[in-house]
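A closer look at the structure
If you want the building blocks of each chain, they are given just below.
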Amino acid sequence: MAAHSRNNSENRGMILFMVMVTALLLIGFVGALGVLSKRNLNDVVDQVDSKRAKYAAYAGLSEALAQLRNNTAWSAGFPETALVTDANATYEVTIVNNIDGTLDAQSAFVPEGGTWVPRGAAWIRSIGRVGGQTSGAGGMVALAGFFRPTFNFALFGLEMRSL
């Protein structure tokens, strides 16, 4: 009987050891799953903020085009401006306006890029920001006809994003 009892206690010790190892493996698996889930959530938030920054930049472009439609001599741009619908999303617009053709040879160049803005055109750049994400869009815009009195047409040729 003593041998049988001794064999049972050894089995119980082995079973307890296996249960503890299994529990530790499960805890490690759940912990790793939690870390991966958090990382995935952060990636999704960054992607959403990147899209929101892009659309904030587009909102700045739309606002600039509306200003040019109302006043073809407008060249003030916009400082960092929050969207009405989303206070965390902002845009900033820079413009070099040569629609009336009054810019001299030096002033008709885009800052930081060296692109020349011809007579009858304007260059617009809008930078949208949300959280740590920044996205920009911009390009050359021109009157639909040579020196028409209203602003009818825009063509954007560049979109960039920095992470």
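Small disclaimer: the values here were computed from a predicted structure and weren't measured.

**Examining the pairing of strand E4 (residues 133-142)**
By the criterion of burial, E4 is predominantly enclosed, with 7 of the 10 residues buried. Here strand E3 (residues 121-130) folds back onto E4, and the loop between the two strands holds 2 residues, one of which, glycine 131, carries a positive phi near 55 degrees.

**A short note on the pairing of strand E2 (residues 89-98)**
Counting buried positions along E2 gives 8 out of 10 residues, so the element sits mostly inside the fold. Between strand E1 (residues 78-82) and the antiparallel strand that follows it, E2, lie 6 residues. Where E2 lies against E3, 10 bridges are found, and the strand directions are antiparallel. Along E3, the bridge assignment pairs isoleucine 95 with isoleucine 124.

**Quick notes on the nonpolar core**
One finds Leu68 and Ile124 to be the most contacted residues of the largest nonpolar core, which totals 19 residues. Of all the elements in the fold, those that place two or more residues in this core are helix H1 (2-70), E2, E3 and E4. Among the elements that make up this core, the one with the highest residue count is H1 (6 residues). Discounting residues that sit within four places of it in the chain, isoleucine 124 has contacts with Leu61, Ala64, Leu65, Leu68, Val93, Thr94, Ile95, Ala137, Gly138, Gly139 and Val141. Residues Val96, Val110, Val117 and Trp123 belong to the second largest nonpolar core, which totals 5 residues.

**Some remarks on the pattern of salt bridges**
If charged atoms from side chains of opposite charge come close, those side chains can pair. What the rule picks out here adds up to 3 salt bridges. Between arginine 52 and aspartate 86 there is a salt bridge, and its shortest N-O distance comes to 2.5 Å. Of this pair, arginine 52 sits in helix H1 while aspartate 86 sits in the loop between E1 and E2, and the two are 34 residues apart along the sequence. When its relative accessible area of 28% is taken as the criterion, arginine 52 is described as partly exposed.

**Overview of the environment of aspartate 49**
Mapped onto the fold, aspartate 49 is located in helix H1. The exposure class assigned to aspartate 49 is buried, which follows from its relative accessible area of 13%. Remark: the alpha-carbon pair of aspartate 49 and serine 135, spanning 86 residues in sequence, is separated by 9.8 Å. Once you skip the residues sitting within four places of it in the chain, aspartate 49 turns out to touch Val130 and Gln133. Of the polar contacts made by the side chain of aspartate 49, one reaches the side chain of arginine 52; its length is 3.0 Å.

What counts and what doesn't
Residues numbered from 1 in each chain as written. Predicted model: local features only at pLDDT ≥ 70, side-chain atom pairs only at ≥ 80, totals over all residues. Heavy atoms only, no water. Buried < 20%, exposed > 50% of the residue type's maximum accessible area, 1.4 Å probe, protein only. Helix = DSSP H or I, 4+ residues; strand = E, 2+ residues; numbered from the N terminus. Pairing = 2+ DSSP bridges. Core = buried A, V, L, I, M, F, W, Y, C linked by side-chain atoms within 4.5 Å. Contact = heavy atoms within 4.5 Å. Salt bridge = Lys/Arg side-chain N within 4 Å of Asp/Glu carboxyl O. Polar contact = N/O pair within 3.5 Å; in protein donor to acceptor, adjacent residues only side chain to side chain.

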